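Residues per chain, in single letters:
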Number of protein chains: 2
Amino acid sequence: MLRTNTCGELRIENVGKTVVLSGWVQKVRDKGGMLWIDLRDRYGITQLILEEGKSDAAILSIARGLSREDVVSAEGAVIERSSKNANIPTGDIEILVAKLTLLNKSKTPPFTIEDDTDGGDELRMKYRYLDIRRTPVRTALELRHRLSIETRKYLDSFNFLEVETPYLIKSTPEGARDFVVPSRMNPGEFYALPQSPQTFKQLLMVAGIDRYYQIVKCFRDEDLRADRQPEFTQIDCEMSFVTQEDVLQTFEGLITHLFNKVLNVQLPTFPRMTYADAMTYYGCDKPDIRFDMKFVEMNSIVKEKGFPVFDSAELVVGINASGCSEYTRKQLDALTDFVKKPQIGATGLVYLKCNLDGTYKSSVDKFYSPEELAKWAAVFGAKAGDLILVLAGGADKTRKALSELRLHLADELGLRDPKVFKPLWVLDFPLLEWNEDEKRFFAMHHPFTSPMEADFALMSSDPGKVRANAYDMVINGVELGGGSVRIHNRELQKQMFSILGFTDEEAQNQFGFLMNAFEYGAPPHAGLAFGFDRMCAIFSGKDSIRDFIAFPKNNSGRDVMIDSPSVIDAKQLLDLSLTINK
Amino acid sequence: MLRTNTCGELRIENVGKTVVLSGWVQKVRDKGGMLWIDLRDRYGITQLILEEGKSDAAILSIARGLSREDVVSAEGAVIERSSKNANIPTGDIEILVAKLTLLNKSKTPPFTIEDDTDGGDELRMKYRYLDIRRTPVRTALELRHRLSIETRKYLDSFNFLEVETPYLIKSTPEGARDFVVPSRMNPGEFYALPQSPQTFKQLLMVAGIDRYYQIVKCFRDEDLRADRQPEFTQIDCEMSFVTQEDVLQTFEGLITHLFNKVLNVQLPTFPRMTYADAMTYYGCDKPDIRFDMKFVEMNSIVKEKGFPVFDSAELVVGINASGCSEYTRKQLDALTDFVKKPQIGATGLVYLKCNLDGTYKSSVDKFYSPEELAKWAAVFGAKAGDLILVLAGGADKTRKALSELRLHLADELGLRDPKVFKPLWVLDFPLLEWNEDEKRFFAMHHPFTSPMEADFALMSSDPGKVRANAYDMVINGVELGGGSVRIHNRELQKQMFSILGFTDEEAQNQFGFLMNAFEYGAPPHAGLAFGFDRMCAIFSGKDSIRDFIAFPKNNSGRDVMIDSPSVIDAKQLLDLSLTINK
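All figures in this text were calculated on a predicted structure; none of them were measured in a lab.

## Brief notes about the overall build of chain A
Within chain A, the regular secondary structure consists of 17 helices and 23 strands. Overall, chain A is about 95 × 75 × 55 Å in size when its C-alpha atoms are taken along their principal axes. Looking at chain A as a whole, 58% of its 582 residues are labelled buried. Within chain A, residue pairs in contact and separated by at least 24 positions form 65% of the contacts whose partners lie at least 6 positions apart. Carbon and sulfur atoms make up 50% of the accessible area of chain A, which totals about 23,300 Å². One finds the centroid of the 72 positive side-chain charges in chain A at a distance of 4 Å from the centroid of its 83 negative side-chain charges.

Right under this line is the structure:
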């Protein structure tokens, strides 16, 4: 070992010991008579000291030649520092260097290896191996490791088996676009990389594995939005002989365990909300409940008072920004500009100030009397000092816009503390979504999700109304994971494919292996998957997943460090029986 | 939960308890007045009992309709059995059924779900979800889970971080053939699936991660031999600031831990052998040392006695099959036939029987006097009753053939007990191998392996003689893992690529990202990777890895269960800018 200790472990009680440390030069301070080196490794920073006269001239000369990020090994005695540094755990001691070896020289790094770096995103991606040396990135990867270790510990204690499912599987046109892998041995044929191990984990239930999990890479060839990666990691789980309630308990238990073990945070019992309520009160299926500001629908009190915008609207709905009645014209204009942005899409914003003196001021007070405005305040339970903000229009679009406004306001008001965690189960999702472009239903979750028994009759009469045994776990307005009780009956699965517009032949061709398996004693089963990259970000109170992935790709799906994808040899193409279209 | 207990946990002390069990019907025995059902799940088998008169008629009728592999749920009281079954842990009790629910009907399975099944390989692969229900396959997957859990526990305790490296990387023509993934967003460009995370784990060392591991899928598009899979799993590890000795200690510790925790076997300290000795004494680089039968070279005592085969041979070498002097003509002929098989390739076999009466009998005694044959016996340390078997010819080929004969004989003699484990480190591998077809050197391990410092001078004068800081861990004649101290210096890496026939431009184009990284403070580092599928097989004393993989592919690289690879949509091809050659 090129060290006896790491750069993070020596303390005052080690004084007198002779040690060898190895690491990177963080900083050199040369005061002429004395020279200090901050030596860094993954575990911390330890100060080395050399002294003119006391230290060997050859060693001093090596030390004077050092620059940032050189790799060195230093041997010497641990001594007590004369001026201690309380900011680092090793701050009481330093190493009086007796031997110093330069293990590898470093060029000047293209950005500083500090917590706050001067490196831009693309530069940091290109030199990711330097970026990872920075504490924020390294600790992000350490957190990820800790979460995976604790996840496995918890699931193992509940008899879950980690089973590896294949990466070279079969392409199915349903759902998102697959990455495919040409088969050389079967010319003209392709494997696909899994978007999730969904069908395999269900087959493992048919196989009697009973409880399965896997921390597994998944792949989706989508046009990348910011913070989407073509490859991402799931904690994928499935259980047999369970009800929805068992799944909720088990995985609420997992997340509670993780918050407890990794962050020392005690989560409360997770509240539960139906999808319908989430849409009604928060305008989205993953409400952030760190703050209240629930939607109040106003159709019954605002219509037919002569204000054409409200009269013609399908939905008039508002929120109460408590304590904001003193908002200025400028602030209100900014909110109006916010909701009118194309990605929000509202046509305007109506406000009602519940002034501190008990009067009301609204942008529409020429249509509504003070008595009528008082009624508005009443339905919101608003008090003096509150500000009511109202949007109107088509129901879905207006809810979506108001949801954005709600989050935006909460950010402004500091109601979204990243150190506060409010988990939530959202239940009873619709089974299907109508796609207006393709004029057909799509599975809201996926085609293997079971309908609620109470809604069986609607399957043929009004499929759009059918609720699913599907659930999402949401924390702080972010979907952490989701799952469902699955279909385990061949006939129901066939009906589901038929509702989705598959012919029997297409269904058999693409998913025959699963439907056949259902005929050989498939147990009732249910499961769930967590987005692991996202989970890491949530645990850190961060928005972006990128720093929780060791080697992420950029928004064009490129790895700029290794410069991939890239062209391949003509010979390779020939072997694969492929030609690139010009 | 559709059960209160599993089918493996009820005991005599649970008598009187009302329970619900769910599982698969293993067997129904209907004796008219009484009816028993063996109910099976992952955890075991519990007997259900129904009695004419005592049990509800409707329930009896359900029970009589059951057949193998139906999925049922049964409620009833735990009672003591009148005739106990000592072969199963639940054999003291049975469940007197009060409620019985058929959860899912099963068709007759295509093969029996028993430890010894009547299903052939292809059938078992097609219905893998049924095959996994069989105890031998399920326990193989359980062993795999246990090994992965204990591996992580050990490495975590030594500060290794599990870091996920990317699956969509860059194709490099060096080494085995890559699977490639066309990029839709970058038409004409491809990702490659990793053959190992080698370069990424080295970059993690440059990044200061210090200790890395990953249990990770790797991919190789090779023509499949029996028991090779296009996707396979590695336990991949790397450490910084270490010597070769540290790596050997750490991973010897891991394997010792695994044998101890998973099999309750205490391994001894691993002996070490150089590659040169392994080749000299065992004719292969992964000797099975459960038995001795070392090679003895005979050139100095057999030449120039008039036997042309030996006189013209580059190498005459033999083994002593202790206690086999009574082998019959037929047995000796069978051994001769064995070595003459094309895949072994020897031209003949010479024997010397050291008879029990002290005389010698050899197939070549017309060329060698009894005194000379006594000399043979002496160099082998053979005693009366031993049988010496000798091959001759080109050195490499003859060693290889004798190695096969040695293993074959040991199998015949029962010297390869699968319950005995003899680990071994093989050290000092050659850095390079000469490829006669391509007239150039290839890296024996991979191009990132460092040469031994003592052999630096040979790098330019005689590269074929250079030994590497490379090591393999061998157990029972199987390579469990291997690794090396890596090059961490840009110039040495460049020299290595140049010896391998890369132009500077090719090296920079393919591995520039790594060589650039070496310029920014790369620490000395070393590592190793274990074949995880193989490890599972070794721990079970099995030869084939297939049953340790949940969903393996067949020898044509096909998943016959999901029928993959398969053709993809014309639209998908178009999106990828690809045409299939006719």
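## Quick look at the packing of helix 4 (residues 135-157) of chain A against helix 6 (residues 244-263) of chain A
Residues and elements named next belong to chain A. As a packed pair, helix 4 and helix 6 sit with axes 10 Å apart at the nearest point and diverge in direction by 135°. One finds that helix 4 runs oblique with respect to helix 6. Between helix 4 and helix 6 lies a crossing whose hand is right-handed. Contact with helix 4, carried on its side by Leu 143, Arg 146, Leu 147, Glu 150, Thr 151, Tyr 154 and Leu 155, involves Thr 250, Phe 251, Gly 253, Leu 254, His 257, Leu 258, Lys 261 and Val 262 of helix 6 and no other residues of that element. Per-class residue counts for the contact of helix 4 with helix 6 are eight nonpolar, four polar and three charged.

## Here's the deal with the interface of chain A and chain B
Contact with chain A, which involves 125 residues of that partner, is made by 125 residues of chain B. Taken together, the two surfaces of chain A and chain B that pack against each other cover about 11,100 Å², and 58% of this comes from carbon and sulfur. For chain A, the biggest contributors to the area lost against chain B are Glu 164, Phe 241 and Tyr 520 of chain A; these three give 8% of the whole. At the boundary of chain A with chain B, the tally comes to 18 salt bridges. At the boundary of chain A and chain B, one finds 67 residue pairs in polar contact (both at pLDDT 80 or more).

## Re the pairing of strand 9 (residues 211-219) of chain A
Residue and element names in this part refer to chain A. Counted residue by residue, strand 9 has nine buried out of nine residues, so it is predominantly covered. Residues Arg 211, Tyr 213, Ile 215, Lys 217 and Phe 219 point to one face of strand 9 and Tyr 212, Gln 214, Val 216 and Cys 218 to the other, with burial holding for every one of them. Where strand 6 (residues 161-162) meets strand 9, two bridges bridge the pair, whose relative direction is parallel. Residue Leu 161 lies in a different strand from strand 9, and its bridge partner there is Tyr 212. Here strand 9 runs beside strand 10 (residues 231-240); their pairing, made up of nine bridges, is antiparallel. Bridge pairing in strand 10 places Val 216 opposite Gln 234.

## Here's the deal with the environment of Lys 553 of chain B
Residue and element names in this part refer to chain B. Here Lys 553 lies in the loop between helix 16 (532-539) and helix 17 (570-575). The buried category is assigned to Lys 553, whose relative accessible area is 0%. Along the backbone, Lys 553 and Glu 231 are 322 residues apart, and their C-alpha atoms lie at a distance of 8.7 Å.

## Looking at the domain arrangement of chain A
As assigned here, chain A comprises domain 1 (12-104), domain 2 (137-167 + 194-272 + 422-549) and domain 3 (291-412). Taking only C-alpha atoms into account, the centre of domain 1 of chain A sits 51 Å from that of domain 2 of chain A.

## Notes on the pattern of salt bridges
With the rule as written, the count across this model stands at 108 salt bridges over all chains. Here Arg 3 of chain A and Asp 210 of chain B are joined by a salt bridge, their closest N and O atoms 2.7 Å apart. Placement of Arg 3 of chain A in the segment before strand 1 (18-30) and of Asp 210 of chain B in the loop between helix 5 (198-206) and strand 9 (211-219) is noted, with the two residues assigned to different chains. For the pair Arg 3 of chain A and Asp 210 of chain B, one class covers both residues: buried. With its nearest N and O atoms 3.6 Å apart, the salt bridge here joins Arg 42 of chain A to Glu 142 of chain A. With a gap of 100 residues between them, Arg 42 of chain A in the loop between strand 2 (34-41) and strand 3 (44-51) and Glu 142 of chain A in helix 4 connect regions that are remote in the sequence. Of the residues examined, Arg 42 of chain A reaches a relative accessible area of 8% and is grouped as buried.

## A closer look at the sheet that holds strand 11 (residues 272-274) of chain A
Residues and elements named next belong to chain A. In spatial order, the strands read 6-9-10-22-21-20-17-11; together these eight strands make up an open sheet with mixed pairing. Since the sheet does not close on itself, it has two edges, and those belong to strand 6 and strand 11, each with one partner. When strand 21 (residues 478-485) meets strand 22 (residues 525-531), the two strands line up antiparallel, connected through five bridges. Directly across from Gly 482, in strand 22, lies its bridge partner Ala 529.

## Examining the environment of Asp 563 of chain A
Relative to the helices and strands, Asp 563 of chain A resides in the loop between helix 16 (532-539) and helix 17 (570-575). Sequence separation between Asp 563 of chain A and Lys 126 of chain A is 437 residues; the distance between their C-alpha atoms is 8.8 Å. Excluding its chain neighbours within four sequence positions, the residues that come into contact with Asp 563 of chain A are Arg 558 of chain A together with Lys 170 of chain B. Side chain to side chain, Asp 563 of chain A and Arg 558 of chain A meet in a polar contact 3.0 Å long.

## Points about the relation of the copies chain A and chain B
The transformation that overlays chain A on chain B combines an axial shift of 0.0 Å with a rotation of 180°, and the residual RMSD is 0.1 Å. The symmetry that links the two subunits is that of a two-fold axis.

## Comments concerning the side chain of Ser 362 of chain B
By secondary structure assignment, the location of Ser 362 of chain B is in strand 15 (residues 360-362). Of the polar contacts made by the side chain of Ser 362 of chain B, one reaches the backbone nitrogen of Val 364 of chain B; its length is 3.0 Å.

## Topic: the environment of Phe 307 of chain B
Residues and elements named next belong to chain B. Relative to the assigned elements, Phe 307 resides in the loop between helix 8 (299-302) and helix 9 (308-311). Placed 305 residues apart in sequence, Phe 307 and Leu 2 show a C-alpha to C-alpha distance of 79 Å. Residues contacting Phe 307, with those up to four places away along its chain left out, are Val 350, Val 364, Phe 367 and Tyr 368.

## As for the sheet that holds strand 1 (residues 18-30) of chain B
Residue and element names in this part refer to chain B. Judged by pairing direction, the barrel is mixed, and its five strands sit side by side in the order 1-2-3-5-4 before closing back on the first. Neighbouring strand axes in the sheet, compared pairwise and without regard to direction, differ in orientation by 55° on average. The sheet contact formed by strand 1 and strand 2 (residues 34-41) spans six bridges and is antiparallel. Bridging from a neighbouring strand, Lys 27 pairs with Asp 38 of strand 2.

## A few points about helix 15 (residues 504-517) of chain B
Given a rise of 1.5 Å per residue, 14 residues ought to cover 20 Å, yet the end C-alpha atoms of helix 15 of chain B are separated by just 16 Å, more than 12% below that figure. The sharpest bend along helix 15 of chain B comes to roughly 90°, located at Phe 511 of chain B. Restricting attention to buried positions, one finds in helix 15 of chain B the residues Ala 507, Gln 510, Phe 511, Gly 512, Phe 513, Leu 514, Met 515 and Ala 517 of chain B. Looking at the buried side of helix 15 of chain B, the elements it contacts are helix 3 (128-131) of chain A together with helix 5 and helix 14 (490-499) of chain B.

## Quick word on unusual backbone geometry
Residue and element names in this part refer to chain A. Going from Ser 564 to Pro 565, the amide bond is cis rather than trans, its omega being 0°. Inspection of the secondary structure assignment puts Pro 565 in the loop between helix 16 and helix 17. The phi angle at Lys 439 is positive, at roughly 50°, despite the residue not being glycine. Counting through the fold element by element, Lys 439 comes out in the loop between strand 18 (432-435) and strand 19 (440-443).

## Side note on helix 14 (residues 490-499) of chain A
Residue and element names in this part refer to chain A. Buried within helix 14 we find Arg 490, Leu 492, Gln 493, Met 496, Phe 497 and Ile 499. Check the buried side of helix 14 and you find it contacts strand 18, strand 19, helix 13 (458-461) and helix 15 (504-517). The N-cap of helix 14, judged by a side-chain oxygen 2.8 Å from the amide nitrogen of Glu 491 a few residues on, is Asn 489. The first or second residue beyond helix 14 is Gly 501, which carries a positive phi of 90°.

## A look at the packing of aromatic side chains
Aromatic rings considered in pairs are described by the distance between their centres and by the relative angle of their planes. By the definition in use, this model includes 55 aromatic pairs over all chains. Ring geometry for Tyr 167 of chain A and Phe 219 of chain A: centres 6.0 Å apart, planes at 75°, overall edge-to-face. In this pair, Tyr 167 of chain A sits in the loop between strand 6 and strand 7 (180-182) while Phe 219 of chain A sits in strand 9, placing the two residues 52 residues apart along the sequence. Plain terms: the ring middles of Tyr 154 of chain B and Phe 158 of chain B are 4.8 Å apart, the flat faces sit at 40° to each other, and that makes the pair tilted. A relative accessible area of 10% places Tyr 154 of chain B in the buried class. With a relative accessible area of 36%, Phe 158 of chain B lands in the partly exposed category. One aromatic cluster in this structure is built from Phe 307, Phe 310, Phe 367, Tyr 368 and Trp 376 of chain A. Of note, Arg 440 of chain A hangs over the ring of Phe 442 of chain A, and the distance from its end group to the ring centre comes to 3.8 Å.

Rules behind the numbers
- Residues numbered from 1 in each chain as written.
- Chains lettered and ligands numbered in written order.
- Predicted model: local features only at pLDDT ≥ 70, side-chain atom pairs only at ≥ 80, totals over all residues.
- Heavy atoms only, no water.
- Helix = DSSP H or I, 4+ residues; strand = E, 2+ residues; numbered from the N terminus.
- Buried < 20%, exposed > 50% of the residue type's maximum accessible area, 1.4 Å probe, protein only.
- Contact = heavy atoms within 4.5 Å.
- Areas by Shrake-Rupley, 256 points an atom, 1.4 Å probe, with all protein chains shown as cover.
- Lys, Arg positive; Asp, Glu negative; His and termini not counted.
- Charge placed at Lys NZ, Arg CZ, Asp CG, Glu CD.
- Axes fitted to C-alpha atoms, helices over the stretch in contact; angles between N-to-C directions.
- Parallel < 35°, antiparallel > 145°, perpendicular 65-115°, else oblique.
- Left-handed = near helix turned anticlockwise from the far one by under 90°.
- Nonpolar A, V, L, I, M, F, W, Y, C, P; charged D, E, K, R; others polar.
- Buried area = accessible area lost by both parts, 1.4 Å probe.
- Salt bridge = Lys/Arg side-chain N within 4 Å of Asp/Glu carboxyl O.
- Polar contact = N/O pair within 3.5 Å; in protein donor to acceptor, adjacent residues only side chain to side chain.
- Pairing = 2+ DSSP bridges.
- Domains from an automatic or database assignment.
- Least-squares fit on C-alpha atoms with pLDDT ≥ 70 in both.
- Expected span 1.5 Å × (residues − 1).
- Bend = angle between axes of the 7 residues up to and from the residue.
- Phe/Tyr/Trp six-rings, centres within 6.5 Å; stacked < 30°, edge-to-face > 60°.
- Lys NZ or Arg CZ within 6 Å of the ring centre and 35° of its normal.

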